[in-house]
Amino acid sequence: MTLYRRMFLRLLVANLAILLVLALTAGALLRWQLQSQQQRDLQYDRQWWQSELRQQGYLQFSTLMPSPNNSLRRIQGRYAGQSQLRDFSTPQSVPKWLQTLGLFAPIEQQLRVNVGEGSAQLTLTSNELAYSQRWLQSWLTQVLMLAIALVVVSLCLSTIMRRQLRPVAAITEQLESLGHLKFNPPLSVAGGPELGRIATAVNTLTNKLRWELNGHQRQLDNLKQALLTDSVSELPNRAFVNDRLSSWLKQTSEGALALISLKFLENIRQQFGFQYRDQLVSQFAAALREIDHHHHGAIVARLSAEDFVVLLSGNELQPALDWLLRCCQSLVEDGDVHQLHPYGIGVARKTDQNSAEQLLAEADSALLRSFSGDQPLCWFGSHSEPALCRQQWYGVLDKALTQNEFRFFGQGIVDRAGDRIQYQLQTELLVDGTLRPEAELQPYLTMLHLGLRYQQAKLRALTALEPCFTPISVNVPNYCLQSSEYLPWLTDLLQQRTLPLRFEISESLVLNYPKQVQQLRLELKNYGYRFGVRDFGLHLVGIDYLGWLKPDFVALDGSVIQGIDNATQAQVISTMLNVLQTLNVELFIAGIGDSQMLDKIEPLPFNGYLTWQPRTSLSTLKSKASVTPLLATLEKPLEQG
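The present account deals with the structure reproduced in this document. This one's a predicted model, so the numbers in the text were calculated from it and none came from an experiment. (Residues numbered from 1 in each chain as written. Predicted model: local features only at pLDDT ≥ 70, side-chain atom pairs only at ≥ 80, totals over all residues. Heavy atoms only, no water.)

Points about the overall build of the protein chain
Put simply, the rule is: Strands here are runs of E lasting at least two residues and helices are runs of H or I lasting at least four, both read from the DSSP assignment and numbered beginning at the N terminus. For each residue, the accessible area found with a 1.4 Å probe, counting protein chains only, is set against the maximum for its type, and the residue is called buried under 20%, exposed over 50%, and partly exposed in between. Residue contacts are defined here by distance: any two heavy atoms, one from each residue, within 4.5 Å place the two residues in contact. Per-residue and other accessible areas follow the Shrake-Rupley method at a 1.4 Å probe size, with only the shown protein chains counted as cover for residues.
Tallying secondary structure elements over the protein chain gives 20 helices and 20 strands in all. A burial count over the protein chain gives 44% of its 641 residues as buried. In the protein chain, once contacts between residues fewer than 6 apart in sequence are set aside, the share between residues at least 24 apart is 67%. Accessible surface, the protein chain: about 34,200 Å² in total, of which carbon and sulfur atoms supply 53%.

Here's what the structure looks like:
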């Protein structure tokens, strides 16, 4: 309710109270006047009747007309032992409630008249109903006049209040808008000197607040632009894709995700240096921006030094894919590249059941097949050989998991002195005679609900390994966190024997499933197993989870380190590293591709880095429960196997 309405209601209530008081006062005064008039009228009637009876005689009084003021109800006379009654009462339109109040009472007066030798006695009674009727008519007239006067006064006062309160209402609305960070046009300074000063102060405050908020918004936009944009290609980076992909899946009914890997860029960098490689990347990014002419609404981003991603909406995808092929081929020709499979494009079509991780895994699986086939562009699920149906896939995967056809490899993480700290586990499964990496199998495991069984079989196979002095870091995927069976099963396994294992989880899962991750962390800590976070720093939503999770180590993604030359990115990295040092969390850096990159991160306070050296074969075995391990030699280099 506005201030004007509240004031108007108060004025209306006050006027009603005034009208009630004035009506009661007027009624009392009118009653007093009419009571006095009743006395005077009765005295006049007495004199009139006395004069008439002297002239005409008592015996004839019943034939006389009533007095001129007509204020008597009756006359009773007595003479010589006889009595006579003359009734002048007439029907009066007086309400019952008014008669009940008894405002007026009948008044009697005695009159003696000498008639002949004797005297007659008359009793005059006044008519109180006539005075009640006169009182009611006069009182209603006065109340009506007072009501009309108060209505006129109220309208005049409301008009004045409206004019006076209009600036106050405008100031109130302006302040409420400021509370919601909404800026209205400046207030008028009219309405008196006091309100004018208030309006001027509010206008000044609004302008100052608008200027400060605009400045903060510009700084925030610049910071987001710096943190979500690749500095070389000026395309959105991996962090942008991680935040945008889930919403794109919800908003898009049909579409596809295309992963582009330009492997020849690494050779370009080794031969001609970073500057020429970055020049080719900028050229390729400029060409990708023109994809909007062939496919409206496409989203392009750079994931890493060699990888790009394109999100395509709709079902007309072929023109955009043809354009991507032309862009890649044109870049190969401009770089004068002579290399087998210099680039590859993996495309996965969006479905209603896709999650962000599943869609990326499908595109990555298609990308891997593009490098092993004859065509640089490969769709997920379109093999050169006849595709297996769902039931066939379940059969071959079930057989491989039952026989524990796992192959384990480790990518070493070494410290500054070159000593190996731990292995980053990489797993392959022999499926239908073909070794397939775990990432390639993820879409099928998710589709067939075999992910939990795959992870359990993998850990059981790891327990069959002979003891290894270097710890092996095992990744825990999302479907293990979502399953209520995994954690009890894992604790039972860890109780049986001490294993040289460490466990890690991606940062996105920490943010999406904090309760499950915290429960997993506590259970592993109780059994003495170290726990870490991989892909650290990719999600620019804060690192406050380090306080409650308290991981033993984190693996910083190499794409974050690539922008360390940028002042803003360097400040962000410095803040994260200071937090890690404060919490005593070990820092491992992934994505170190060569010695130059190692020299670049030398000033950073890290504990180890993922080496670019060839991976090590941990074992090739079958479960102890079925077949004796074929090869029990640990830490055997892959090139020697």
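What about the pairing of strand β11 (residues 420-431)?
Remember that side chains alternate between the two faces of the sheet whenever the strand is regular. Spelled out, the test is: When DSSP finds at least two bridges between two strands, those strands are taken to pair.
Burial runs high along β11: nine of the 12 residues are buried. Here strand β10 (residues 406-414) runs beside β11; their pairing, made up of nine bridges, is antiparallel. Looking across to β11, one finds that Phe406 is bridged to Leu429. In this structure, the hairpin formed by β10 and β11 is closed by a connection of five residues, where Gly418 is found at a positive phi of approximately 90 degrees. Bridging between β11 and strand β13 (residues 472-475) involves two bridges; their strand directions are parallel.

Focus: the side chain of Ser506
Relative to the assigned elements, Ser506 resides in strand β14 (residues 501-506). Setting aside residues no more than four positions away along its own chain, Ser506 makes contact with Asn475, Val533, Arg534 and Asp535.

Focus on the nonpolar core
For clarity, the cut-off: Remark: nonpolar core denotes a set of buried residues (Ala, Val, Leu, Ile, Met, Phe, Trp, Tyr, Cys) joined through side-chain atoms within 4.5 Å.
Core analysis: the biggest nonpolar cluster contains 69 residues, and Leu397, Leu429, Leu459, Leu501, Phe503 and Phe536 have the highest contact counts within it. Ranked by residue count, the leading element in this core is helix α12 (residues 451-463), at six residues. If we ignore the near neighbours within four places in the chain, the residues touching Leu397 are Leu429, Val431, Leu441, Tyr444, Leu445, Leu448 and Leu450. Judged by nonpolar contacts, the second largest core, of 33 residues, contains Leu262, Phe284, Cys328 and Leu331.

Structural notes on helix α7 (residues 274-289)
We count it as follows: By definition here, a helix of n residues has an expected span of 1.5 Å times n minus one. Arc definition: directions from the helix axis to the C-beta atoms.
The end-to-end C-alpha separation of α7 is 22 Å, in line with the 22 Å expected for 16 residues at 1.5 Å each. Buried residues of α7: Arg277, Leu280, Val281, Phe284, Ala285 and Leu288, and no others. Angularly, the buried residues of α7 cover 140 degrees about the axis, an arc narrow enough to put them on a single face. Buried residues belonging to α7 abut β5 (255-262), α6 (264-272), β6 (299-302), β7 (307-313) and α8 (318-334).

A word on the pattern of salt bridges
For side chains of opposite charge, pairing can occur when their charged atoms come near one another. Just so we agree on the cut-off: Between Lys or Arg on one side and Asp or Glu on the other, a salt bridge is scored when a side-chain nitrogen of the former is within 4 Å of a carboxyl oxygen of the latter.
Taken as a whole and assessed by the stated rule, the structure comprises 11 salt bridges. In this structure, Glu266 engages Arg269 in a salt bridge whose closest nitrogen and oxygen atoms are separated by 2.5 Å. Of this pair, Glu266 and Arg269 both sit in helix α6, separated by three residues, roughly a single helical turn. We classify Glu266 as partly exposed; its relative accessible area is 22%. The exposure class of Arg269 is buried, given its relative accessible area of 8%. Here Arg407 ties to Glu405 by a salt bridge, and the two come within 3.8 Å at their closest N and O atoms. The pair formed by Arg407 and Glu405 is uniform in burial state, with each residue classed as buried. Among the charged side chains, a network of salt bridges with common partners joins Glu504, Arg534 and Asp535.

Let's talk about the pairing of β6
Here β6 shows two buried faces, one formed by Ile299 and Ala301 and the other by Val300 and Arg302. If you look at the hairpin formed by β6 and β7, you'll find four residues sitting between the two strands.

Section: the side chain of Thr123
Heads up, the condition is: Two N or O atoms form a polar contact when they lie within 3.5 Å of each other; inside protein one atom must be a possible hydrogen donor and the other a possible acceptor, and for residues adjacent in sequence the pair counts only when both atoms belong to side chains.
Among the secondary structure elements, Thr123 is positioned in strand β4 (residues 118-126). Exposure remark for Thr123: the relative accessible area of 16% places this residue in the buried category. One polar contact links Thr123 to Gln110, side chain to side chain, over a distance of 3.1 Å. Those residues in contact with Thr123, other than ones at most four positions away along the chain, are Arg74, Ile75, Gln76, Glu108, Gln109 and Gln110.

Points about unusual backbone geometry
Phi at Asn404 is positive, roughly 55 degrees, even though this residue is not glycine. Structurally, Asn404 can be placed in the loop between α10 (390-402) and β10. Despite not being glycine, His449 has its phi angle at roughly 60 degrees, a positive value. Relative to the elements of secondary structure, His449 occurs in the loop between α11 (438-447) and α12.

Some remarks on the sheet that holds β6
The pairing of strands in a sheet comes from backbone hydrogen bonds and takes either a parallel or an antiparallel form. Which entries qualify depends on this criterion: Orientation is described by axes fitted as lines to C-alpha atoms, over the contacting stretch for helices, and by angles from 0 to 180 degrees between their N-to-C directions.
Taking strand neighbours across the sheet as the criterion, the five strands line up as β6-β7-β5-β8-β9 in an open arrangement whose pairing is mixed. Because the sheet does not close on itself, it has two edges, and the strands there are β6 and β9 (377-379). Between one strand axis and the next, the sheet turns through 15 degrees on average, direction left out of account. Here β5 pairs with β7 via seven bridges, running antiparallel.

Some details on the packing of α6 against α7
Applicable threshold: Three categories are distinguished: nonpolar for Ala, Val, Leu, Ile, Met, Phe, Trp, Tyr, Cys and Pro, charged for Asp, Glu, Lys and Arg, and polar for the others, with Gly belonging to the last.
Following both chains from N to C, one finds α6 and α7 inclined at 145 degrees, their axes separated by 7 Å at the closest point. Note on element contacts: α7 touches α6 through Phe274, Tyr276, Arg277, Leu280 and Val281, opposite Leu265, Ile268, Arg269 and Phe272. Across the contact of α6 with α7, the residue classes break down as seven nonpolar, no polar and two charged.

Some details on the environment of Leu157
Structurally, Leu157 can be placed in helix α3 (residues 128-179). With relative accessibility at 35%, the residue Leu157 sits in the partly exposed group. Distance from Leu157 to Phe8, taken between C-alpha atoms, is 8.7 Å for residues 149 residues apart in sequence.

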